[in-house]
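Below, each chain spelled out in residue letters.
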Amino acid sequence: AAVAAATFDTAWATIGRAHYDTTYNGVDWNAVRAELGPRAAAARDNDQLRAVLNEMLGRLRQSHLAVIPGEAYAAVEEAAAGSGDAGAAPGSVGVEVRLVGGEVVVTRVEAGGPAERAGVRPGWAVDSVGSHSAAELLAALDKLPEPAARTRAYQGALAVQGWMRGATGEPVRVRFRDGRDRPVAVELARTALRGEQVVMAGLPPMHVWLESRRVPAGTGAVAGVIRFNLWAPSLVGEFDRAVDALRGTDGIVIDLRGNPGGSAFMPAGVTGHFFAEPRLLGVMKVRNGEWRVAANPRRVTADGRTVEPFAGPVAILVDALSASASEFTAGGMQGVGRARVFGETSAGAVLPSATRRLPNGDVLQYVTGDFALPTGKRFEGSGVVPDVAAPPTRADLLAGRDPAMDSALRWIAEQDQRGASR
């Protein structure tokens, strides 16, 4: 009882001190403690306590509020550290999934990964992963109340991708339906996660990566594409080098699909590659003031050469898994007219947050700020709405089409043609 009460009080007080909004989104925070504190103290186990904590967090009706079970948090840390038996490092089967047309659908297959070797292709539907049923998950998501229902696509995709994670070498049986809706069951041995392992403050170890390439955009135009999975400070240098390598292209596509955010400080430097003058992208409101998120021109390359910031067209791709730092980057550049956004409405989970260990061993994720454009427009709960809506269909994926990328490349080619005609 003492641990349960201390855990509740610590979570309640942490939010009370750190939340950017002293009205707590219109919630009487003292009344919440008076109502739920006794129930927390009476909890008989961690599951009952977590239910009360989650009810408390739900009263705020905002993103970036969560209680992460201590055992789950520790398992991720131990797996990332490679402790225990050989092969305990985290692994995956090499696919990305999204909710498409009411189904869980494979949207990307990693080259050379277990899924590709087994013949899995984009557009295949996922019916189950191990003992987990996609249909049951979707049914549960359909029953979510607001505001959680707004992030249904986000939660569903992350849940299924989580099912596919596990220890490297550990097999998992996945049941798919192929392009003709024929059932295909395969057993996939997980391989090591792609990229470099990093540790960011208050979070378990994660793997990060960045890729860039040149692609034809049509009518002779060439575009550069930069894609990365997390806003991690360790990727800043890689992003700088990618921009340097793509300076001669007719436009740059920044693919933020599936990128859930990360460091709130990284976007200011990254966006500076695309502005010739300092430009305010938005304002981060915190408890005791505000932080102005501005793009500061980057006039020196990664190897020390003086250059002008990239002046060509910039396209940003987002989807339902683009959240937090990805949203205020896309929304900020869209808001000042420096980028055109393609794809699907983003997650609407833009609030910056921090974490704290609770007395019962769980980890609390709590909100510390809010982001808005200079005009006052906010993205929490609504997301960044693309200038060009280009959601994928299962037919697109089966045919190898990428509507968002294709639309962005056509736009860059059009801008190149207009420039040539002038």
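Residues numbered from 1 in each chain as written. Predicted model: local features only at pLDDT ≥ 70, side-chain atom pairs only at ≥ 80, totals over all residues. Heavy atoms only, no water.

Caption draft 1: Structural detail: the overall build of the protein chain. Summing up its helical and strand segments, the protein chain has 12 helices and 23 strands in all. Taken over C-alpha atoms, the radius of gyration comes to 22 Å for the protein chain, in line with the 22 Å a tight globule of 422 residues would show. Along the first, second and third principal axes, the C-alpha atoms of the protein chain reach 75 × 55 × 40 Å. Buried positions account for 50% of the 422 residues belonging to the protein chain. The contacts in the protein chain between residues at least 6 apart in sequence include a share of 67% that link residues at least 24 apart. As displayed, the protein chain has an accessible area near 18,400 Å², and 51% of this comes from carbon and sulfur atoms. (Helix = DSSP H or I, 4+ residues; strand = E, 2+ residues; numbered from the N terminus. Rg over C-alpha atoms; globule rule 2.2 N^0.38 Å. Buried < 20%, exposed > 50% of the residue type's maximum accessible area, 1.4 Å probe, protein only. Contact = heavy atoms within 4.5 Å. Areas by Shrake-Rupley, 256 points an atom, 1.4 Å probe, with all protein chains shown as cover.)

Caption draft 2: Region of the structure containing the pairing of strand 14 (residues 221–228). Most of strand 14 sits inside the fold, with 7 of its 8 residues counted as buried. The pairing of strand 13 (residues 210–218) with strand 14 spans 8 bridges and is antiparallel. If you follow Glu211 over to strand 14, its bridge partner there is Arg227. Linking strand 13 to strand 14, which pair antiparallel, is a turn of 2 residues; within it Thr219 sits at a positive phi near 50°. (Pairing = 2+ DSSP bridges.)

Caption draft 3: Just the sheet that holds strand 7 (residues 166–167), in detail. Pairing within the open sheet is antiparallel, and its 3 strands lie in the order 7-2-10. With one partner strand each, in any of the chains shown, strand 7 and strand 10 (191–192) form the two edges of the open sheet. Where strand 2 (residues 90–92) meets strand 10, 2 bridges bridge the pair, whose relative direction is antiparallel. Residue pairing across strands places Ser92 opposite Thr191, the latter belonging to strand 10.

Caption draft 4: How the structure looks around the layout of surface pockets. Considered as a void within the structure, the second largest pocket measures approximately 440 Å³ in volume. Contributing elements (two or more residues each) for the lining of the second largest pocket: strand 3 (95–100), strand 4 (103–109), strand 13 and helix 12 (403–421). Sort the elements by how many residues they give to the lining of the second largest pocket and helix 12 lands first, with 3 residues. (1 Å grid on protein atoms, 1.4 Å probe; cavity = no way out; pocket = protein on both sides within 12 Å on 5 of 7 lines; lining within 4 Å. Points joined across faces, edges and corners; volume = space filled by probe spheres on them.)

Caption draft 5: Spotlight on the nonpolar core. Counting residues in each nonpolar core, the largest one holds 70 residues, and the members touching the most others are Met56, Phe274 and Ile316. Looking at this core element by element, the count peaks at 7 residues for helix 1 (residues 2–18). If near-sequence neighbours (up to four positions away) are discounted, Phe274 is found in contact with Phe239, Val243, Ile252, Ile254, Pro309, Phe310, Val314, Met333 and Arg338. (Core = buried A, V, L, I, M, F, W, Y, C linked by side-chain atoms within 4.5 Å.)

Caption draft 6: How the structure looks around the confidence of the model for the protein chain. Here the protein chain averages 91 in pLDDT, while 93% of its residues score no lower than 70. A low-confidence stretch, residues 82–87 (pLDDT under 50), is modelled with 5 contacts involving residues beyond four sequence positions or located in other chains. (pLDDT = per-residue confidence, 0-100.)

Caption draft 7: The packing of aromatic side chains, seen in detail. Inspection of the entire model under this criterion finds 8 aromatic pairs. When the ring of Phe274 is compared with that of Phe310, the centres are 6.3 Å apart and the planes differ by 85°; the resulting orientation is edge-to-face. One end of the pair, Phe274, is in the loop between helix 9 (266–271) and strand 16 (279–286); the other, Phe310, is in the loop between strand 17 (289–295) and strand 18 (314–318), with 36 residues separating them in the sequence. In textbook terms, an aromatic cluster arises when at least three aromatic residues are bridged by ring pairs, as seen for Phe228, Trp231 and Phe239. The side chain of Arg33 reaches across the aromatic face of Trp12, ending 4.8 Å from its centre. Of note, Arg194 hangs over the ring of Trp209, and the distance from its end group to the ring centre comes to 3.8 Å. (Phe/Tyr/Trp six-rings, centres within 6.5 Å; stacked < 30°, edge-to-face > 60°. Lys NZ or Arg CZ within 6 Å of the ring centre and 35° of its normal.)

Caption draft 8: Representation of the pairing of strand 19 (residues 340–343) within the structure. Taken together, the 4 bridges between strand 18 and strand 19 define a ladder with parallel strand orientation. What sits directly across from Ala315, in strand 19, is Arg340. Inspection of the sheet shows strand 19 paired to strand 23 (residues 388–389) by 2 bridges, in the parallel sense. Bridge pairing in strand 23 places Phe342 opposite Val388.

Caption draft 9: Molecular detail of helix 1. Along its 17 residues, helix 1 runs 24 Å from first to last C-alpha, staying within 8% of the 24 Å computed at 1.5 Å per residue. When we look at burial in helix 1, the residues that qualify are Ala4, Thr7, Phe8, Thr10, Ala11, Trp12, Ala13, Thr14, Ile15, Gly16 and Ala18. (Expected span 1.5 Å × (residues − 1).)

Caption draft 10: Region of the structure containing the sheet that holds strand 1 (residues 66–68). Across the sheet, which stays open at both edges, the 3 strands sit in the order 1-21-20 with antiparallel pairing between neighbours. With one partner strand each, in any of the chains shown, strand 1 and strand 20 (353–357) form the two edges of the open sheet. Across the sheet, the mean angle from the axis of one strand to that of its neighbour is 25°, orientation sign disregarded. Pairing of strand 1 with strand 21 (residues 363–367), which is carried by 3 bridges, proceeds in the antiparallel orientation. When the sheet's bridge partners are listed, Val67 is paired in strand 21 with Leu364. In the packing of helix 1 onto the sheet, the strands contacted are strand 20 and strand 21, and the crossing angle to strand 21 comes to about 25°. Together, strand 1 and strand 21 form the strand contacts of helix 3 (residues 46–58), whose direction differs from that of strand 1 by roughly 155°. (Axes fitted to C-alpha atoms, helices over the stretch in contact; angles between N-to-C directions.)

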